[in-house]
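Read off the chains here:
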Amino acid sequence: MVPQDYGFFIDPQRCIGCRSCVGACAECGTHRGRSMIHLDEMDRFDSPQTVPTVCMHCEDPICAQVCPSDAIKRSEDGVVHAAQKPRCIGCQNCELSCPFGVPIVFSGLEQMLKCDLCYDRTSEGHKPMCATVCPSQALLFVRKDEVANLRHNKPLRDFLIGSVRVKTKNAIMVPDPDTPLHLDAALLIDGGL
Amino acid sequence: MSTLPLSQDQLRAQFGPHLNLAPPGGWLADPTPDKVVETHCCFCGQQCGIKLKVKDNKVIGFDPWEEFPFNQGKLCPKGVKRYLQGNHPDRLTKAMKRTENGFEPMDWNEAMDRTVAEIQRIQGQHGKDAFAVLSGVSLTNEKSYLAGKFARLGLQTKNLDYNGRLCMVSAGAGNKKAFGVDRAANSWADIEHAKVIWVAGSNVAECSPITTDYIWRARDKGALLIVVDPRITPLARTADLVLPLKPGTDSALTNGILHLLNKWNLIDWEFVKAHTHGFEEALEAVKDCTPQWTSQMTGLPVEAIEKAARIWGEAETSFLLHARGIEHQSKGVDNVLGCINMVLATGRIGRPGCGYATITGQGNGQGGREHGHKCDQLPGNRDISNPEHRKYICSVWGCTDEELPGVGQSAQEIMNAIHSGEIKGLLLLCFNPLVSLPDSQFTREALNKLEFFVCLDFFLSESAQHADLVLPSALHEEDEGTTTSAEGRVIKINKAVDCPGDARPDWQIMVELAKRLGRGKYFDHFTSPEAIFNELRVASKGGTADYAGITYEKIVKNMGVFWPCPTEDHPGTPRLFEGGQFFHPDGKAKFIPTPWRPPMEVVDDDYPIWLTSGRVVFHYLSGTQTRRIGFLVEQCPHPYLEIHPRLAEKYGLQEGDAVEITSRRGIMVLPAKVVKTIRPDTVFIPYHWAGALSANRLTARHLDPVSKIPEFKVSAVRLKKTTRDQFSPELAELQRMAYEARSGQSQMPEQVF
């Protein structure tokens, strides 16, 4: 059981693109070399912005809705689990339908694996592996009532993706609209060269 | 003669770099450890706490060490995958000699005999100083201390220096001049409480990733962040003010800021009068450094310079951090002093939330530069030319003043002296100069001239490939000892596994060589790292870097002890300079003027583009370890040329195009990485690779006159678009390795290109 007073907060603003999360996720004794985290460069030409994607643990997970073999379960504590064998048939419906692009059907395994919030760690009072190692704490696992003290930006758990409204257990930290953003060195130097 | 015994390709096939992709036994092996060892990362100066999982005398993985206060479990990708350097196919386990057929294993005794015979031959024919030692600060404090003593009393040569010469020496020299001591003024805990953070020449996110969270914690409390760097680094992207100055103009900026602080009367006069000397001279030196002048020098807008001075001047509390960007210059020490002048003028040091630090780069960059590892230094950060200091160390070592050599040559100067034939023999450990020294063609020529070259290493580094004899040494996790982190925190490295084969810790090799050289009386008592540490404690006593009160037990109990710690009941000193007390005899700090001077090489019609170099988060220094770890190679397999689209357009370059880069030293071809985050008059190359892919083919051997640090960060180059068939075979091989890391398949299908 993942403690209910704790939350997972994803802050892309802090992300430094180091992929510690990706590497550490694969090290888990149950993952055995497979990482469940995606880390994307948005557009390196324009910006050094990188974005980590872990499962958002939807309240009504679309991956589970579209699973033809009912292999994807959400436990009472709100954690959406990897597809269960032998039910999972590797059809990739979940991969194609997830609004955040999280599930991966691993070839050879023919099974969808995804972030389960490090159930083995969090149920024993540890933080998920990625949120433990993240050097910039772009991935943060803390008591929900601490976040307002720790961070200046606000958590968002309610998304409109296309026409679908998605509510999630994990939160994305939304930057202040007046946050400065420096993307082009030529604009910061005298006369722009 | 130390030319390569086989072709580069043949050596690579035998000694790598090959990739370690998975833990011992593969990913499906039982991951339950026999034991878990609390220790630290082997890489950078952050020295993050980490737990290594051990099974059957092999490191099989890691666990975060959340109780260790500095990083609280956080790790960068190098830390996460560091365990894969163990159980590695490239690992050296036998002594080896060069033969016509390449390197062949040899008996350990024979290797020792030959090494001693060659040392004695060279020293007998050419004098003691004709044999040099080049060492490094990935070594523990114990090994660093021993390297100093071994060179001076074992080999009796003055020519010992270390790869910290390529790292922290400008900061060290500047700090000693201004404060009388060389250490971060604060523990990192003060960063969080600062209202303004000034980061100069440090790509924090990639080179000291854990510090990123400290800075963000301050920002989340409202702190303003100013970043000075020719590139918009990941940390700078959202900073409150970014100052992408022209490479090599850092002291112009700090002079300009001091000018404005004075003009706007944002000086803490009370502090300056009570606790410093030399402010008038410092002001005199900046009287003409108007914002207009500063703008002209740095290429920054006047408004940005004024805004920076205003934010800095009006701050209640602040923390200034700098790193190699300002230090790797022929005026590295001046750049450091310019930053310190800004700190002293505002009196914001030695109080909670008020601090200053260089972000030490190498694993034991701090401790390894304190205890006699440098050509001009004795333990406790003592001066080898100071008669009182010499007298004390002679009393600890039980030698006479005549036996103790004087000041030797610095790292680059030693390589120059090898090239000129003055130095004939070399013992190299923990250093890969062929990748990390500037002007790598020159370094290669120099290594080829050595009459005898013995190298201690755990992998056959590119430099070791030139050796006559290679002795297998220990990995970080195969020995115990202490290191001192960037904060000045002395921490305990614990042994997790035994050395494989004939490999053994460097300290045992040095002690054995000293015995065989007939100098055993100075080394026989070193039967363990702790025995060396206990002598280090005595040798450092009374020096500025005083470890006398630090014991292994105390380090473990307190999760590190900050020096100075003069007595066993002393708690250590996380924050220096409290109450405005500095380490000069009169207790005051010194302002030192830094009149402007240009870099040694400037752009001109023939070489019109600035080149700067640096690190990426996935690799460490010369890459000897990280270029062998699959996950890290997958993320960043090879170097590239970062170039702004405006400059790229001028040369008709698009992403991935081949570009030929030429300096007065050399030439190389790399793929272009077109990004807006770099000044359009500057290009950047990461430096972790060797041979045709070494950024240091292009850099110059220009040194700072005080610190003797090479000017890695400023060179002039010209660019030319070329065709992709000009890429070196090494680049194709690294692309193949990245494919292997990604797919587990060693053969890359054609269509991937």
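Residues numbered from 1 in each chain as written. Chains lettered and ligands numbered in written order. Predicted model: local features only at pLDDT ≥ 70, side-chain atom pairs only at ≥ 80, totals over all residues.

Details of the overall build of chain A
Moving on, step 1. A count of helices and strands for chain A gives 6 helices and 8 strands.
Moving on, step 2. Reading chain A from its N end, one meets helices and strands in the order β-α-β-β-α-α-β-β-α-α-β-α-β-β.
Moving on, step 3. Taking 16 Å as the expected radius of gyration for a compact globule of 193 residues, we find that chain A reaches 18 Å, a close match to that expectation.
Moving on, step 4. Seen through its C-alpha atoms, chain A measures out along the principal axes to roughly 65 × 35 × 35 Å.
Moving on, step 5. Counting only contacts in chain A whose residues sit at least 6 apart along the sequence, the fraction spanning at least 24 positions is 56%. (Helix = DSSP H or I, 4+ residues; strand = E, 2+ residues; numbered from the N terminus. Rg over C-alpha atoms; globule rule 2.2 N^0.38 Å. Contact = placed C-beta atoms within 7 Å.)

Quick notes on the sheet that holds strand S8 (residues 164–174) of chain A
Residue and element names in this part refer to chain A.
Moving on, step 1. Strand order across the open sheet formed by 4 strands is S6-S1-S8-S7, with mixed pairing between neighbours. With one partner strand each, in any of the chains shown, strand S6 (139–143) and strand S7 (154–161) form the two edges of the open sheet. On average, each strand axis in the sheet is tilted by 45° relative to the strand beside it, whichever way the strands run.
Moving on, step 2. Taken together, the 2 bridges between strand S1 (residues 6–10) and S8 define a ladder with parallel strand orientation. Following the sheet pairing, Ile 10 is matched in S8 by Ile 172. (Pairing = 2+ DSSP bridges. Axes fitted to C-alpha atoms, helices over the stretch in contact; angles between N-to-C directions.)

Some details on the packing of helix H3 (residues 108–126) of chain B against helix H19 (residues 506–516) of chain B
Residue and element names in this part refer to chain B.
Moving on, step 1. Orientation of H3 relative to H19, taken along the N-to-C sense of each, is 60°, at an axis distance of 10 Å. Comparing the axis directions of H3 and H19 gives the class oblique. Handedness of the H3/H19 crossing: right-handed. When H3 is examined against H19, the residues Met 112, Thr 115 and Val 116 are found in contact with a partner set consisting of Glu 512, Leu 513 and Arg 516.
Moving on, step 2. Residues that form the contact of H3 with H19 fall into these classes: 3 nonpolar, 1 polar and 2 charged. (Parallel < 35°, antiparallel > 145°, perpendicular 65-115°, else oblique. Left-handed = near helix turned anticlockwise from the far one by under 90°. Nonpolar A, V, L, I, M, F, W, Y, C, P; charged D, E, K, R; others polar.)

Let's talk about unusual backbone geometry
Moving on, step 1. Residue Lys85(A) is joined to Pro86(A) through a cis peptide bond whose omega torsion reads 5°.
Moving on, step 2. Mapped onto the elements of the fold, Pro86(A) is located in the loop between helix H2 (62–66) and helix H3 (93–97).
Moving on, step 3. Here the amide bond leading from Trp563(B) into Pro564(B) is cis, since omega sits at 0°, within 30 degrees of zero.
Moving on, step 4. The topology assignment puts Pro564(B) in the loop between strand S21 (561–562) and strand S22 (589–590).
Moving on, step 5. The phi dihedral of Gln47(B) is positive, around 50°, even though this residue is not glycine.

Section: the confidence of the model for chain B
Should the pLDDT be low somewhere, the predicted coordinates at that spot are not to be read in detail.
Moving on, step 1. For chain B, per-residue confidence averages 97 on the pLDDT scale, and 99% of positions sit at 70 or higher.
Moving on, step 2. Here the predicted complex carries an ipTM of 0.96, next to a pTM of 0.97. (pLDDT = per-residue confidence, 0-100.)

Let's talk about the packing of helix H16 (residues 411–420) of chain B against helix H18 (residues 440–449) of chain B
Residues and elements named next belong to chain B.
Moving on, step 1. Packing of H16 against H18 leaves a shortest axis separation of 8 Å and a crossing angle of 60°. When the axis of H16 is compared with that of H18, the two are oblique. H16 and H18 meet at a crossing whose hand is left-handed. Contact residues: H16 offers Met 415, Ile 418 and His 419, while H18 offers Phe 442, Thr 443, Glu 445, Ala 446 and Lys 449.
Moving on, step 2. Split by residue class, the contact of H16 with H18 holds 4 nonpolar, 2 polar and 2 charged.

Comments concerning the interface of chain A and chain B
Moving on, step 1. Contacts between the two partners involve 40 residues from chain A, matched on the other side by 49 residues from chain B.
Moving on, step 2. Secondary-structure elements contributing two or more residues to the side of chain A that touches chain B are helix H1 (20–27) and helix H5 (129–133) of chain A.
Moving on, step 3. Counted by class, the side of chain A that touches chain B contains 17 nonpolar, 14 polar and 9 charged residues.

Here's the deal with the pairing of strand S18 (residues 469–472) of chain B
Residue and element names in this part refer to chain B.
Moving on, step 1. Of the two faces of S18, the one holding Leu 469 and Leu 471 and the one holding Val 470 and Pro 472 are both buried throughout.
Moving on, step 2. Where strand S4 (residues 95–99) lies against S18, 2 bridges are found, and the strand directions are antiparallel. Within the sheet, the bridge partner assigned to Lys 97 lies in S18 and is Leu 469.
Moving on, step 3. In the sheet, strand S17 (residues 452–457) pairs with S18 via 4 bridges, with the strands oriented parallel. The partner of Leu 456 across the bridge, within S18, is Leu 471. (Buried ≥ 20, exposed ≤ 12 C-beta atoms within 10 Å, placed from the backbone.)

Some thoughts on the sheet that holds strand S3 (residues 58–64) of chain B
All names here are of chain B.
Moving on, step 1. If you trace the 3 strands from one edge of the open sheet to the other, you get S1-S2-S3, paired in antiparallel fashion. Lying at the two open borders of the sheet, with one neighbouring strand each, are strand S1 (35–40) and S3. On average, each strand axis in the sheet is tilted by 35° relative to the strand beside it, whichever way the strands run.
Moving on, step 2. Alignment of S1 against strand S2 (residues 49–55), held across 6 bridges, turns out to be antiparallel. Within S2, the residue paired with Val 36 across the bridge is Lys 53.

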